[in-house]
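Here is how the chains run, residue by residue.
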There are 2 protein chains.
Amino acid sequence: MGATKTDLFTRQQNDIANMAKALAHPARIAILQHLVKINTCICGDLVEELGLAQATISQHLKELKAVGLIQGTVEGTSICYCINPKNWKQYRQFFDKFFGSSVSEGNCC
Amino acid sequence: MGATKTDLFTRQQNDIANMAKALAHPARIAILQHLVKINTCICGDLVEELGLAQATISQHLKELKAVGLIQGTVEGTSICYCINPKNWKQYRQFFDKFFGSSVSEGNCC
DNA sequence: ACCGTTCATCGTAATATTGCAATTATGGGA
DNA sequence: TCCCATAATTGCAATATTACGATGAACGGT
């Protein structure tokens, strides 16, 4: 025991949870914000920007790439990362839909 | 080592990461969806609804309550949980703002 | 007062995540 | 070819999360 029981939940529920998990670390939020801000691509100066070790940054980038939020292309000796616009919009829609179900104010609890 | 270095990031970045963390589990997504659906309050039939043990559900409810997404009031021998409309809307706005920074299509990577 | 129902909390085991040093590719100079 | 810079991967230690059985607290009924 200790592992998440994904089989108990719907595909959609696991999807949303996984999307949220990708955002569930300040370093990854910082990376995404930096990439959004510097709309043109950025390489590994993220290591300087955030105060984490190169190996750690690389790991976070890997996770973000795994869920499709960012993409990277080789640029000579360094690698150029940027937001994946398509999936970014999809994420936005997913969360929008999730929270969109407007909650009835008051009258309970 | 192994703990998240929250002090390296801004308050806002940590906040978003924490909000995302609250949603980063299918059981909590399922709980929230159930509470939204049954707009009137619901008690602990969540234990039946999801297939998890009572102690586990209670733990997830505690986390959701800790971040303010739900609220609960004593209802005799059972407890009535429901969405916290105010914070729900705030969450929605936060994520909307985060993803709102529209990404420039193409032209890079 | 006694029992049963409902839920929180504690303790513990299993697993996942975070972070880094060290190492390993890979590509561009000299 | 021999370095040097950049970034991925590996291996490991520290910490966090998930899940559950057992126990405890609170309430309603009898």
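A short tour of the structure in this document, coming up. (Residues numbered from 1 in each chain as written. Chains lettered and ligands numbered in written order. Predicted model: local features only at pLDDT ≥ 70, side-chain atom pairs only at ≥ 80, totals over all residues. Heavy atoms only, no water.)

1. Focus on the packing of aromatic side chains
One pair of aromatic rings is described through two measures. These are the centre distance and the angle between the planes.
1) Next: For the coordinates displayed, the defined rule picks out 12 aromatic pairs over all chains.
2) Next: A centroid spacing of 5.7 Å and a plane angle of 45 degrees characterise the contact between tryptophan 88 of chain A and phenylalanine 98 of chain B, whose relative ring orientation is tilted. Remark: phenylalanine 98 of chain B occurs in helix α5 (residues 85-100) and tryptophan 88 of chain A occurs in helix α5 (residues 85-100); the pair is interchain, linking two chains.
3) Next: Its relative accessible area of 2% is what places tryptophan 88 of chain A among the buried residues.
4) Next: Overall, phenylalanine 98 of chain B belongs to the buried group, its relative accessible area being 6%.
5) Next: On the basis of an interplanar angle of 75 degrees and a centroid distance of 5.2 Å, the ring pair of phenylalanine 98 of chain A and phenylalanine 99 of chain A is categorised as edge-to-face. Phenylalanine 99 of chain A matches phenylalanine 98 of chain A in its accessibility class, with the two residues each being buried.
6) Next: Through a chain of ring-to-ring contacts, three or more aromatic side chains come together here, namely Trp88, Tyr91, Phe95, Phe98 and Phe99 of chain A together with Trp88, Tyr91, Phe95, Phe98 and Phe99 of chain B. (Phe/Tyr/Trp six-rings, centres within 6.5 Å; stacked < 30°, edge-to-face > 60°. Helix = DSSP H or I, 4+ residues; strand = E, 2+ residues; numbered from the N terminus. Buried < 20%, exposed > 50% of the residue type's maximum accessible area, 1.4 Å probe, protein only.)

2. What about empty space enclosed by the protein?
1) Next: Throughout the structure, instances matching the rule amount to 1 cavity of 30 Å³ or more.
2) Next: Space inside the largest cavity adds up to approximately 40 Å³.
3) Next: Lining the largest cavity we find Arg92, Phe95 and Asp96 of chain A together with Arg92, Phe95, Asp96 and Phe99 of chain B.
4) Next: Looking at the lining of the largest cavity, the elements with two or more residues in it are α5 of chain A together with α5 of chain B.
5) Next: Of the residues in the lining of the largest cavity, the class split is 3 nonpolar, no polar and 4 charged. (1 Å grid on protein atoms, 1.4 Å probe; cavity = no way out; pocket = protein on both sides within 12 Å on 5 of 7 lines; lining within 4 Å. Points joined across faces, edges and corners; volume = space filled by probe spheres on them. Nonpolar A, V, L, I, M, F, W, Y, C, P; charged D, E, K, R; others polar.)

3. A few points about the relation of the copies chain A and chain B
1) Next: Note on the identical chains: chain A maps onto chain B by a rotation of 180 degrees and an axial translation of 0.0 Å, with an RMSD of 0.0 Å. Here the symmetry operator amounts to a two-fold rotation axis. Within chain A, the C-alpha atom positioned nearest to the axis of rotation is that of alanine 20 of chain A, 2.5 Å from it.
2) Next: A shared interface surface links the copies, since 100% of the contact residues of chain A are contact residues in chain B too. (Least-squares fit on C-alpha atoms with pLDDT ≥ 70 in both. Contact = heavy atoms within 4.5 Å.)

4. Topic: the protein's contact with DNA strand C
1) Next: Neighbouring DNA strand C are 28 residues; Met1 of chain A together with Gly2, Lys5, Ser58 and Tyr81 of chain B lie closest to it.
2) Next: A distance of 3.1 Å separates a phosphate oxygen of DNA strand C from a polar side-chain atom of threonine 56 of chain A.
3) Next: Counting residues per element, the ones that place at least two in the surface near DNA strand C are α4 (54-66) of chain A together with α4 (54-66) and β2 (78-83) of chain B.
4) Next: Within the surface near DNA strand C, the residues separate by chemical class into 10 nonpolar, 13 polar and 5 charged. (Near = heavy atom within 4 Å. Polar contact = N/O pair within 3.5 Å; in protein donor to acceptor, adjacent residues only side chain to side chain.)

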